[in-house]
Amino acid sequence: MTDKRILVVNPGSTSTKIAIYEVVCETGKQDTAQPLNEVFIETLRHDAKELQKLGSIADQLEFRKQIVMDALCENGFKLADFAAVVCRGGLVRQLPGGTYRVNDALVRDCRIGVSGQHASNLGALIGSELERESGVPAYIVDPPVVNELSRIARYSGYPSIERTCVWHALNQKAIARRYAASVGKAYEDLNLLICHMGGGVSVGAHVKGKVLDTEDAVSGEGPFSPERAGSLPVDKVVDMCFDSGMSEDEIRKTFTRKGGLLAYTGTNNVQVLLKAAAEGDESVQEALDAFYYQVAKEIAAMSIAMKGKVDQIIFTGGIAHSQVVTDAISKLVDWIAPVTVYPGEDEMVALAEGAWRVLTGAEEAKEY
């Protein structure tokens, strides 16, 4: 690598995060848990009303790109300083995991929102513009629509409905590689059950480097979470659709944003719930116990993808910061395999590591 710095751009609904990482390990093999050193990070906040005035998500492109450029300039950085620009991947078509070069097809699908509209769709658009202006290659890494499901896992139970997945692919894949490096093995040599717990919950069956089963966590498949209802009895859902008087949009929001612990307790703040339970609120404790049970049941079910031969169970995501939660679920699943906890979700370094693997030759960039 002639230049050792990687620029990361992560657009969110009302913010754009940027970070710069410097290469510490220049080998293609990830033989260190921290191959990159963070030298700069900043969260650029946006007023939601101002963004709405711009129009669609794609219409925000010039505004978002310019504030990234301004922030770099103000802090003494130039695009020519970087070996790569890597951006958060959006809701593109379902694809295998990996690091992808930003190309015209990827930009087109992000612009139209082929799998839905989300601020992360701006990532590839910004990356494309920065590459056009500087010649620095732009990438995305493990977008949430990574689909490596086995053929039999794609069966839903009804022929015209094929199971797909929208899940915490970026963090799960990064944590899998981090754990593998910590035990001196390759990700492709391990069977890992990784449970990401945040606003939504996804459990991935990582079998020799491929996730052969996981959920469409955005639509609510799998266990209920702080705000998603999870898998529900079909007949009851049909009744609500026809009898509740709610619109299609209201029904979707009820199950994906107003379900789970929020619906049962009135809050999606797990720390608040843990405090209430510790102070003797039995109804809150029971709701938490049900949450632990559903997550554990999903972990056990996913072990089927690896025929029960599990090397490690890993908890990650924001909720994994709570030892009370991880201990409770561990007691239900540690008969399957040992448990490790990597709390939080560091999307920025995970994105940088994807570009680093390509730049050092450990991985070949994929074409969309």
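S.K.: Tell me what's going on with the overall build of the protein chain, and back it up with residues and numbers.
M.R.: Check the secondary structure of the protein chain and you find 12 helices and 14 strands. Its C-alpha atoms give the protein chain a radius of gyration of 21 Å, within 12% of the compact-globule value 21 Å for 368 residues. Taken over the C-alpha atoms alone, the protein chain extends approximately 55 × 50 × 50 Å along its principal axes. Burial statistics for the protein chain: of 368 residues in total, 52% are counted as buried.

S.K.: Which residues make up empty space enclosed by the protein, and what values do they have?
M.R.: It is the rolling of a water-molecule-sized probe over the atoms that shows where space remains empty. Under the counting rule described, the total for this entry stands at one cavity of 30 Å³ or more. For the largest cavity, the calculated volume is near 40 Å³. If you go around the largest cavity, the residues you meet are Val141, Asp142, Leu170, Ala174, Arg177, Ala350, Glu353 and Arg357. Its residues assigned to classes, the lining of the largest cavity comprises four nonpolar, no polar and four charged.

S.K.: Explain the packing of aromatic side chains to me, using residue names and the numbers behind them.
M.R.: When we look at a pair of aromatic rings, we describe it by the centre distance and by the angle of the planes. Overall, the coordinates contain five aromatic pairs when judged by the stated rule. On the numbers, 5.6 Å between centres and 50° between planes, the contact of phenylalanine 224 with tyrosine 264 is tilted. One end of the pair, phenylalanine 224, is in the loop between β11 (210-213) and α6 (234-243); the other, tyrosine 264, is in helix α8 (residues 260-265), and 40 residues separate them in sequence. Taken together, a centroid distance of 6.1 Å and an interplanar angle of 55° make the contact between phenylalanine 291 and tyrosine 292 tilted. Of the residues examined, phenylalanine 291 reaches a relative accessible area of 1% and is grouped as buried. Relative accessible area serves as the criterion here: at 5%, tyrosine 292 is assigned to the buried category. By way of ring pairs, the aromatic residues Phe224, Tyr264, Phe291 and Tyr292 are connected into one cluster. Directly above the ring of tyrosine 368 sits arginine 93, whose terminal nitrogen or CZ lies 4.2 Å from the centroid. Note that arginine 101 overlies the ring of tyrosine 139, its terminal NZ or CZ placed 5.6 Å from the centroid.

S.K.: Residue-level account of the side chain of threonine 16, with values.
M.R.: Along the chain, threonine 16 falls in strand β2 (residues 15-23). Here threonine 16 falls in the buried class, since its relative accessible area comes to 0%. Polar side-chain contacts of threonine 16 include one of 2.8 Å to the side chain of histidine 46. At a separation of 2.9 Å, a polar atom in the side chain of threonine 16 contacts the side chain of arginine 64. Excluding its chain neighbours within four sequence positions, the residues that come into contact with threonine 16 are Val9, Asn10, Pro11, Glu42, Thr43, Leu44, His46, Arg64, Ile67 and Val68.

S.K.: Tell me what's going on with a nonpolar patch on the surface, and back it up with residues and numbers.
M.R.: On the surface, a cluster of nonpolar side chains totalling about 340 Å² of accessible area is made up of Val234, Val238 and Phe242. Its place among the elements puts valine 234 in helix α6.

S.K.: Describe in detail the environment of glycine 230, supporting the description with residues and values.
M.R.: Position of glycine 230 among the secondary structure elements: in the loop between β11 and α6. Classification of glycine 230 as buried rests on a relative accessible area of 8%. Taking C-alpha positions, glycine 230 is 37 Å from valine 68, a pair spaced 162 residues apart along the chain.

S.K.: Pulling in residues and values, what's your account of the sheet that holds strand β9 (residues 191-197)?
M.R.: What links the strands of a sheet is backbone hydrogen bonding, and the strands pair in either a parallel or an antiparallel sense. Across the sheet, five strands lie side by side as β11-β10-β9-β12-β13; this open sheet has mixed pairing. Edge positions in the sheet fall to β11 and β13 (339-343), since each has one partner strand and no second. Taking each pair of neighbouring strands and ignoring which way they run, the sheet shows an average axis angle of 30°.

S.K.: Before we move on, could you go through the packing of helix α5 (residues 169-182) against helix α12 (residues 347-359) and cite the residues and values that matter?
M.R.: Two numbers describe how α5 lies on α12: the axes approach to 9 Å, and their chain directions differ by 65°. Relative to α12, α5 is oriented roughly perpendicular. The two elements α5 and α12 meet at a crossing, and its hand is left-handed. Along its contact with α5, which presents Leu170, Ala174, Arg177 and Arg178, the element α12 presents Glu347, Val349, Ala350, Leu351, Glu353 and Arg357. Classifying every residue of the contact of α5 with α12 gives five nonpolar, no polar and five charged.

S.K.: Pulling in residues and values, what's your account of helix α4 (residues 122-134)?
M.R.: With 13 residues, α4 should cover 18 Å at 1.5 Å per step; its first-to-last C-alpha distance of 18 Å lies within 8% of that length. Listed as buried for α4 are Leu122, Gly123, Ala124, Leu125, Ile126, Gly127, Glu129, Leu130 and Glu131. Just downstream of α4 lies glycine 135, where phi reads positive at about 85°.

S.K.: Can you lay out the pairing of strand β10 (residues 201-207) for me, pointing to particular residues and giving the numbers?
M.R.: Counting buried residues along β10, seven of its seven residues qualify, which places the element largely inside the surrounding structure. Sheet topology places β9 next to β10; seven bridges connect them, and they run antiparallel. Of the residues in β10, the one forming a bridge with leucine 193 is alanine 205. If you look at the hairpin formed by β9 and β10, you'll find three residues sitting between the two strands. Of the pairings in the sheet, the one linking β10 to β11 comprises three bridges and is antiparallel in character.

Calculation criteria
Residues numbered from 1 in each chain as written. Predicted model: local features only at pLDDT ≥ 70, side-chain atom pairs only at ≥ 80, totals over all residues. Heavy atoms only, no water. Helix = DSSP H or I, 4+ residues; strand = E, 2+ residues; numbered from the N terminus. Rg over C-alpha atoms; globule rule 2.2 N^0.38 Å. Buried < 20%, exposed > 50% of the residue type's maximum accessible area, 1.4 Å probe, protein only. 1 Å grid on protein atoms, 1.4 Å probe; cavity = no way out; pocket = protein on both sides within 12 Å on 5 of 7 lines; lining within 4 Å. Points joined across faces, edges and corners; volume = space filled by probe spheres on them. Nonpolar A, V, L, I, M, F, W, Y, C, P; charged D, E, K, R; others polar. Phe/Tyr/Trp six-rings, centres within 6.5 Å; stacked < 30°, edge-to-face > 60°. Lys NZ or Arg CZ within 6 Å of the ring centre and 35° of its normal. Polar contact = N/O pair within 3.5 Å; in protein donor to acceptor, adjacent residues only side chain to side chain. Contact = heavy atoms within 4.5 Å. Patch = residues over 30% accessible without salt bridge, like charges linked within 9 Å, V, L, I, M, F, W, Y side chains within 5 Å. Areas by Shrake-Rupley, 256 points an atom, 1.4 Å probe, with all protein chains shown as cover. Salt bridge = Lys/Arg side-chain N within 4 Å of Asp/Glu carboxyl O. Pairing = 2+ DSSP bridges. Axes fitted to C-alpha atoms, helices over the stretch in contact; angles between N-to-C directions. Parallel < 35°, antiparallel > 145°, perpendicular 65-115°, else oblique. Left-handed = near helix turned anticlockwise from the far one by under 90°. Expected span 1.5 Å × (residues − 1).

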